[in-house]
Amino acid sequence: VERSELHHFGFAAEDIVVVVGQDGLVANVAKYLDEQPVVGVDPAPEVNPGVPVQHRPQDVADLLAATAGGEAVVRARAMVAARTDDEQVMVSLNEVYVGHPSHQSARYRLLTPDGRSERQSSSGAVVGTGTGASGWCASLAAQRGGLDPLPRPDGSGLSWFVREPWPSPSTGTALSAGMLEPGEELALVVESDGLVVFGDGIETDRLTLSWGQQVRIGLARQRLSLVCG
């Protein structure tokens, strides 16, 4: 199955999925699964970091046998879900982005789980998992001096960041980062036209939001089941 065919491929509940390629391909596949075990295979270890694709091609036969026999070490990885008020859902392994499709200023009202609210104009908001903590969210945390907490890869927490919030008479910058525990959600109420939600850097696979719509972002029901050994 090629990457471009994933959105209409039918994965069965009993499947074992072998992903061969870069780390990002695991994220592309994960949102179409419902906890089927995934064996990540790195065909170019001298090039790829090999975080979710941590196995060598020569190990696949033994890993498949161990997985089918229930003897493989399988680690659950949290995923993040964005849900709109008209029942659209975007599920991602690393992170979801809410903002303008060209990354210019997006206007919205941000609501945190503890009841705080702020109108903002920014380059968008990013909510990421522990798996994504080594990617985009790590970069956003580093821009803040590395002081913001990031979830562990094997944890169920999420981190959120507002990109470049702009202070003005009608918009603020007080709410720019935080953590979400299981059961908590970050909400955005859209106050400009044409905002989008996409996950794991795939901008062509997106939800489109109009003025007044609300999107809530929290822990997804499904998890990635990653075969680790």
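The structure reproduced in this document is the subject of the present report. Note that the structure is a prediction, hence the values are computed from the model and not measured.

## Thoughts on a nonpolar patch on the surface
A cluster of nonpolar side chains, Ile16, Val18, Val20 and Leu64, forms an exposed patch at the surface whose accessible area comes to about 270 Å². Positionally, Val18 belongs in strand S1 (residues 17–20).

## Some words on the sheet that holds strand S5 (residues 89–92)
The strands making up a sheet associate through backbone hydrogen bonding, with each pair oriented either parallel or antiparallel. Within the open sheet, the six strands sit side by side as S5-S4-S15-S12-S7-S8. Their pairing is antiparallel. One side of each edge strand has no neighbouring strand; the edge strands of this open sheet are S5 and strand S8 (117–122). Neighbouring strand axes in the sheet, compared pairwise and without regard to direction, differ in orientation by 20° on average. With six bridges joining them, strand S7 (residues 106–111) and S8 adopt antiparallel strand pairing.

## A word on the environment of Met90
Assignment of secondary structure puts Met90 in strand S5. Sequence separation between Met90 and Leu180 is 90 residues; the distance between their C-alpha atoms is 17 Å. When near neighbours in sequence (up to four residues on either side) are disregarded, Met90 contacts Lys31, Val80, Ala81, Ala82, Val96, Val197, Phe198, Gly199, Asp205, Arg206 and Leu207.

## Things to note about the sheet that holds S1
If you trace the four strands from one edge of the open sheet to the other, you get S1-S2-S16-S3, paired in mixed fashion. The open sheet is flanked by S1 and strand S3 (74–77), the only strands paired with a single partner. With direction set aside, neighbouring strand axes in the sheet form an average angle of 35°. Alignment of strand S2 (residues 37–41) against strand S16 (residues 224–227), held across two bridges, turns out to be parallel. When the bridges of S16 are listed, Val38 appears paired with Leu226. Strands in contact with helix H1 (residues 23–30) are S1 and S16; relative to S1, the strand with the most contacts, it is inclined by about 145°. Its contacts with the sheet place helix H2 (residues 60–68) against S1, S2 and S16, and it is angled at close to 170° to S2.

## Observations regarding the side chain of Gln36
Along the chain, Gln36 falls in the loop between H1 and S2. Only 2.6 Å separates the side chain of Gln36 from the backbone nitrogen of Asp34, close enough to count as a polar contact. Among all residues touching Gln36, those that are not within four sequence positions of it are Phe11, Ala12, Ala13, Asp15, Val17 and Ser225.

Thresholds, definitions, all that
Residues numbered from 1 in each chain as written. Predicted model: local features only at pLDDT ≥ 70, side-chain atom pairs only at ≥ 80, totals over all residues. Heavy atoms only, no water. Patch = residues over 30% accessible without salt bridge, like charges linked within 9 Å, V, L, I, M, F, W, Y side chains within 5 Å. Areas by Shrake-Rupley, 256 points an atom, 1.4 Å probe, with all protein chains shown as cover. Salt bridge = Lys/Arg side-chain N within 4 Å of Asp/Glu carboxyl O. Helix = DSSP H or I, 4+ residues; strand = E, 2+ residues; numbered from the N terminus. Pairing = 2+ DSSP bridges. Axes fitted to C-alpha atoms, helices over the stretch in contact; angles between N-to-C directions. Contact = heavy atoms within 4.5 Å. Polar contact = N/O pair within 3.5 Å; in protein donor to acceptor, adjacent residues only side chain to side chain.

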